[in-house]
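Chain and residue survey
In case you want the letters, here they are:
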Amino acid sequence: NRNHAIILNTPGFCSRLCRLLVHKLPDSPTYDMLAGGQVQMILNMLMMRGPLDSWGTSEADLDSSPIGPSADLTVQQLAQITHRVEVIFVICTLLGSKRKHQAQALFFNGGLLKYLNHIMKRVTWNHPPPTRSPLEALHGPECGCNPESAIRVQLLRLIMAFCDRDPPNKSFKSQLLNEAELESCKLFAEGRKAGVPVAQQIQNKGLIGQVIELLASGTVDSMYSHWMISVTEAFLRLSPPGFQMYAARSGILKTVLDIICTHNTQT
């Protein structure tokens, strides 16, 4: 708890961690240069070398490369994903500590919500895992882990930790939806049912809206559907009735039941 307090109370540290998730890293033609140049840049960022404003927050400063199948990624991109997974792990650790409310506020003010939205739009969720020998599986013959699965699982774990907040901070969860989604939640809370837009009908959804739509689509690989269900549950726990109706009307209940029934049939 003391270590977490020191880290969280270090000025600018949480903001810099948020930037590391999406900021462009230097190009490196070889792995040796990548390991030296990129790691040094990360250390410079965390050690407060250079003003935070000099990093840039425009679209041109953010890494916009798609996160697709590992077969389509270069060695440099795979190494960058590894760095970002470690950053996510650190943020998740702070969000899961006894000081989670302080951590949530600091990361929110540091732009974490904006950057998570940016990452979600870059990730594909429904491509099949790469073909591999059972001897290559890390966790047994049925293991579907692959180089890009780590960033997806850790991303969903981070979203779950970020939105898992207890009252009286109800307004925090409202930030995870956009204005159109909040209007739908308001209409549902007032008893309206017909004609109220749901996730699939709303453009530029908020962070949770994107997760709800992906989960309701039924096209997400089973490796990630469990985590999406956990994210949705963390968001809906102790949320206002309108939020719960918005999620239910978007079709996630059918998807969850289908997953349960399919699992029971296979076992």
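Before reading on, note that the structure itself is shown above.
Here is a short report on the structure shown in this document. (Residues numbered from 1 in each chain as written. Predicted model: local features only at pLDDT ≥ 70, side-chain atom pairs only at ≥ 80, totals over all residues. Heavy atoms only, no water.)

Scanning the protein from N- to C-terminus turns up 13 helices and zero strands. Ordered by position in the sequence, the α and β elements of the protein form the string α-α-α-α-α-α-α-α-α-α-α-α-α. Burial statistics for the protein: of 267 residues in total, 43% are counted as buried. Restricting the contact set of the protein to residue pairs at least 6 apart, pairs at least 24 apart contribute 77%. Here the protein has roughly 13900 Å² of accessible surface; of this, 58% comes from carbon and sulfur atoms. (Helix = DSSP H or I, 4+ residues; strand = E, 2+ residues; numbered from the N terminus. Buried < 20%, exposed > 50% of the residue type's maximum accessible area, 1.4 Å probe, protein only. Contact = heavy atoms within 4.5 Å. Areas by Shrake-Rupley, 256 points an atom, 1.4 Å probe, with all protein chains shown as cover.)

To continue, consider the packing of helix α2 (residues 13-22) against helix α6 (residues 112-120). Where α2 contacts α6, the two axes come as close as 9 Å, and the packing angle between them is 10°. Overall, the two elements α2 and α6 adopt an arrangement that is roughly parallel. Along the contact surface, α2 presents Cys18, Arg19, Leu21 and Val22, while α6 presents Leu112, Tyr115, His118 and Ile119. Across the contact of α2 with α6, the residue classes break down as six nonpolar, one polar and one charged. (Axes fitted to C-alpha atoms, helices over the stretch in contact; angles between N-to-C directions. Parallel < 35°, antiparallel > 145°, perpendicular 65-115°, else oblique. Nonpolar A, V, L, I, M, F, W, Y, C, P; charged D, E, K, R; others polar.)

Further remarks concern helix α7 (residues 149-163). Over its 15 residues, α7 runs 21 Å from end to end, which matches the ideal 21 Å to within 8%, given 1.5 Å per residue. Among the 15 residues in α7, twelve count as buried, and that is most of the element. Regarding α7, the residues found buried are Ser149, Ile151, Arg152, Val153, Gln154, Leu155, Leu156, Leu158, Ile159, Ala161, Phe162 and Cys163. (Expected span 1.5 Å × (residues − 1).)

With that out of the way, let us pick up helix α5 (residues 100-109). All of the buried residues along α5 are Ala103, Gln104 and Phe107. An end-on view of α5 places all buried positions within 100° of arc, on one side of the element. A positive backbone phi angle near 95° is found at Gly111, which sits one or two residues after α5. (Arc of directions from axis to C-beta.)

Right, let's get into the packing of aromatic side chains. Pairs of aromatic rings are described using the distance from one ring centre to the other and the angle between the two planes. Counted according to the given criterion, the structure contains three aromatic pairs. Between Phe162 and Phe172, the ring centres sit 5.3 Å apart and the planes meet at 80°, which makes this aromatic pair edge-to-face. One end of the pair, Phe162, is in helix α7; the other, Phe172, is in helix α8 (residues 170-174), and ten residues separate them in sequence. Both residues of the pair, Phe162 and Phe172, count as buried. When the ring centre of Phe235 is taken as reference, the NZ or CZ atom of Lys173 above it lies at 6.0 Å. (Phe/Tyr/Trp six-rings, centres within 6.5 Å; stacked < 30°, edge-to-face > 60°. Lys NZ or Arg CZ within 6 Å of the ring centre and 35° of its normal.)

Inspection of the entire model under this criterion finds four salt bridges. For the salt bridge of Arg237 with Asp164, the shortest nitrogen-to-oxygen distance reads 2.6 Å. Of the two residues, Arg237 sits in the loop between α11 (222-236) and α12 (241-249) while Asp164 sits in the loop between α7 and α8, which places them 73 residues apart along the sequence. The partner of Glu213 in a salt bridge is Lys205, with the nearest N and O atoms 3.0 Å apart. Residue Glu213 is classed as partly exposed on the basis of its relative accessible area of 27%. Salt bridges here are not isolated pairs; linked through shared partners, they connect Asp164, Glu233 and Arg237. (Salt bridge = Lys/Arg side-chain N within 4 Å of Asp/Glu carboxyl O.)

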